[in-house]
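A structural walkthrough
This is what each chain is made of:
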Amino acid sequence: MAYNNYYSGYQPMMGYPYQQQFQPNYQQQAYPQTQMQMTAQNQQPQIQQPQIQNGGFIQVHDENEARNYPIAPGNSVTFKDENAPYVYTKTMGFSQLDRPIFEKYRLVKEDDMPTQNPPVSAEIAQQTNNIDYALKTDLTALQAEIETLKQRIEELTAKKPATKVKKEETDQ
């Protein structure tokens, strides 16, 4: 009759070369297994979110070449346009069915001069330079026109002609 996993306390005789091989040590093996099972039951499984891997910079001739560049799933590559001041990023999701995300960035040179005022963009500076301010002579001309309009309104409201209804009432 075979007793699997049964330790009878039998010790093999000394001097046999296979003594280490046949010497069962069930108690030591059983304890770590139950401890591992208990700790595995107490811990919740930790799911690691995969991260997108950055593939570095690649020089391209134009935007079309960057858009057609093949990207492996789970990777992101940054492209530097050799002929224009643009940088493109192309990111592929983890599924092969995902569409790649393509983003376009314009490179702008900035001077490293210390200034106290915040930097003003070129568009805002151009808008402020194109503003035509009114002169004092323009304002006085507008003020004169407003005064003539006020006088005319007063004349029209002061000289109301008599209505026909009132004339008919007086005739009776």
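Just so we're clear, the structure is a prediction, and the values are computed from it rather than from any experiment.

Here we look at the sheet that holds strand β4 (residues 101-106)
On the basis of which strands lie adjacent, the open sheet formed by four strands has the order β1-β2-β3-β4 and mixed pairing. Each edge of the open sheet carries a strand with a single partner, namely β1 (53-60) and β4. Strand-to-strand twist in this sheet, taken as the mean axis angle between neighbours without regard to direction, amounts to 20°. Here six bridges tie strand β3 (residues 86-91) to β4, and the two strands are oriented antiparallel to one another. When the sheet's bridge partners are listed, T89 is paired in β4 with E103.

Overview of the packing of aromatic side chains
Geometry of an aromatic ring pair is reported as the spacing of the ring centres plus the angle between the planes. For the structure on display, the rule yields three aromatic pairs. Note on Y69 and F79: the rings are 5.3 Å apart at their centroids and 70° apart in plane angle, and the pair reads as edge-to-face. Within this pair, whereas Y69 is found in the loop between α3 (63-68) and β2 (75-81), its partner F79 is found in strand β2, the two being separated by 10 residues in sequence. For Y69, a relative accessible area of 32% corresponds to the partly exposed category. Considering the side-chain rings of Y88 and F102, the 5.6 Å spacing of their centres and the 25° angle between planes classify their relative orientation as stacked. In this pair, Y88 is assigned in strand β3 and F102 in strand β4, connecting sequence segments 14 residues apart. An aromatic cluster of three or more residues is present, and its members are Y86, Y88 and F102. It is K104 that lies over the ring of Y86; its NZ or CZ is 4.4 Å from the centre.

Scoring rules and cut-offs
Residues numbered from 1 in each chain as written. Predicted model: local features only at pLDDT ≥ 70, side-chain atom pairs only at ≥ 80, totals over all residues. Heavy atoms only, no water. Pairing = 2+ DSSP bridges. Helix = DSSP H or I, 4+ residues; strand = E, 2+ residues; numbered from the N terminus. Axes fitted to C-alpha atoms, helices over the stretch in contact; angles between N-to-C directions. Phe/Tyr/Trp six-rings, centres within 6.5 Å; stacked < 30°, edge-to-face > 60°. Buried < 20%, exposed > 50% of the residue type's maximum accessible area, 1.4 Å probe, protein only. Lys NZ or Arg CZ within 6 Å of the ring centre and 35° of its normal.

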